[in-house]
Amino acid sequence: MPLAAAGGFIGLKVVNLLVAPQAFDVLTMLGFIILVGTVVNNAILIVYQTLNNMHNEGMGGLNAIIKSVETRIRPIFMSMMTTFFGMLPLVLAQGSGTELYRGVGSVLLGGLAISTVFTLFVIPSLLGIFIGHKKGEN
């Protein structure tokens, strides 16, 4: 979540610099709430599949994490790319009324892009640490 929030602020800053000035208004803040609901699903996919691999397939912790990332990376990227390219016109479109929703789009684009990339590295690493401590492994 912190990475998503940082990505949201980065996305807002990039839009301010490259597209058009965007105020930090109520709709932009709503973008952060939507972002939290969207981003958390990626981590849930990895954790759930890892636990499934450990309990149902009898895999060890590290192998279960590797296999879960291998099997869930495609759905994660598919959902991220459809959301990303669906929101892109919202941010880049010029015309009357577009400034109203540009903040929501920029927060979602930046937060989703940053958090997806880091989720694929941070969540498996943290999961490996916690599974290792749980099982008494290093």
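Our structure is the block above this text.
Below or above, wherever it landed, is the structure these notes cover. From a predicted model like this one, the values you see are computed outputs, not experimental measurements. (Residues numbered from 1 in each chain as written. Predicted model: local features only at pLDDT ≥ 70, side-chain atom pairs only at ≥ 80, totals over all residues. Heavy atoms only, no water.)

Remarks on helix α2 (residues 26-56)
For step 1, the next point in the chain: With 31 residues, α2 ought to run about 45 Å at 1.5 Å a step, and its terminal C-alpha atoms sit 45 Å apart, in line with that.
For step 2, the next point in the chain: Regarding α2, the residues found buried are Thr28, Gly31, Phe32, Leu35, Val39, Asn42, Ala43, Ile46, Gln49, Thr50, Asn53 and Met54. (Helix = DSSP H or I, 4+ residues; strand = E, 2+ residues; numbered from the N terminus. Expected span 1.5 Å × (residues − 1). Buried < 20%, exposed > 50% of the residue type's maximum accessible area, 1.4 Å probe, protein only.)

Regarding the nonpolar core
For step 1, the next point in the chain: Grouped together as the largest cluster of nonpolar side chains are 9 residues: Ala4, Phe32, Leu35, Val39, Met80, Val104, Val107, Leu108 and Leu112.
For step 2, the next point in the chain: Elements that contribute at least two residues to this core include exactly α2 and α4 (98-135).
For step 3, the next point in the chain: Element by element, the count of residues in this core is highest for α4, at 4 residues.
For step 4, the next point in the chain: In this structure, Met54, Ala64, Ile65 and Ile131 belong to the second largest nonpolar core, which totals 5 residues. (Core = buried A, V, L, I, M, F, W, Y, C linked by side-chain atoms within 4.5 Å.)

Here we look at a nonpolar patch on the surface
For step 1, the next point in the chain: Where nonpolar side chains cluster on the molecular surface, the patch consists of Leu3, Val117, Phe118, Phe121, Val122, Leu126, Ile129 and Phe130 and spans about 730 Å² of accessible area.
For step 2, the next point in the chain: When residues in the nonpolar patch are grouped by element, the largest group, 7 residues, is from α4.
For step 3, the next point in the chain: Mapped onto the fold, Phe121 is located in helix α4.
For step 4, the next point in the chain: Judged by its relative accessible area of 57%, Phe121 falls in the exposed class. (Patch = residues over 30% accessible without salt bridge, like charges linked within 9 Å, V, L, I, M, F, W, Y side chains within 5 Å. Areas by Shrake-Rupley, 256 points an atom, 1.4 Å probe, with all protein chains shown as cover. Salt bridge = Lys/Arg side-chain N within 4 Å of Asp/Glu carboxyl O.)

Looking at the packing of α2 against helix α3 (residues 61-92)
Packed helices, taken two at a time, are described by the angle between their axes plus the distance between the axes.
For step 1, the next point in the chain: Direction vectors running N to C along α2 and α3 enclose 145°, while the axes themselves pass 8 Å from each other. For α2 against α3, the interelement crossing comes out right-handed. Contact residues: α2 offers Asn42, Leu45, Ile46, Gln49, Thr50, Asn53 and Met54, while α3 offers Gly61, Ala64, Ile65, Lys67, Ser68, Val69, Thr71, Arg72, Ile76 and Ser79.
For step 2, the next point in the chain: Residues belonging to the contact of α2 with α3 are distributed by class as follows: 7 nonpolar, 8 polar and 2 charged. (Axes fitted to C-alpha atoms, helices over the stretch in contact; angles between N-to-C directions. Left-handed = near helix turned anticlockwise from the far one by under 90°. Contact = heavy atoms within 4.5 Å. Nonpolar A, V, L, I, M, F, W, Y, C, P; charged D, E, K, R; others polar.)

Quick notes on the packing of helix α1 (residues 2-18) against α2
For step 1, the next point in the chain: Relative to each other, α1 and α2 sit at 140°, their axes nearing to 10 Å. By the angle between their axes, α1 is oblique relative to α2. Considering the relative orientation of α1 and α2, their crossing is right-handed. The residues of α2 that touch α1, namely those facing Ala4, Ala5, Gly8, Phe9 and Leu12, are Thr28, Phe32, Leu35 and Val39.
For step 2, the next point in the chain: Class assignment for the residues of the contact of α1 with α2 results in 7 nonpolar, 2 polar and no charged. (Parallel < 35°, antiparallel > 145°, perpendicular 65-115°, else oblique.)

Some remarks on the packing of aromatic side chains
For step 1, the next point in the chain: This structure, assessed with the given rule, holds 4 aromatic pairs.
For step 2, the next point in the chain: Members of the aromatic cluster, joined through ring pairs, are Phe9, Phe24 and Phe32. (Phe/Tyr/Trp six-rings, centres within 6.5 Å; stacked < 30°, edge-to-face > 60°.)

A few points about the environment of Leu120
For step 1, the next point in the chain: Relative to the elements of secondary structure, Leu120 occurs in helix α4.
For step 2, the next point in the chain: Owing to a relative accessible area of 14%, Leu120 belongs among the buried residues under this scheme.
For step 3, the next point in the chain: The spacing of Leu120 and Asn42 is 78 residues in sequence and 8.6 Å in space, taken between C-alpha atoms.
For step 4, the next point in the chain: In contact with Leu120, not counting residues within four places along its chain, are Ile46, Ile73, Ile76 and Phe77.

Some words on the side chain of Thr28
For step 1, the next point in the chain: Within the element layout of this structure, Thr28 appears in helix α2.
For step 2, the next point in the chain: Looking at Thr28, the relative accessible area reads 0%, which means it is buried.
For step 3, the next point in the chain: Side-chain polar atoms of Thr28 contact the side chain of Asp25, separated by 2.6 Å.
For step 4, the next point in the chain: Residues in contact with Thr28, not counting those within four places in the same chain, are Leu12, Gln22, Ala23, Gly103, Val104 and Val107. (Polar contact = N/O pair within 3.5 Å; in protein donor to acceptor, adjacent residues only side chain to side chain.)

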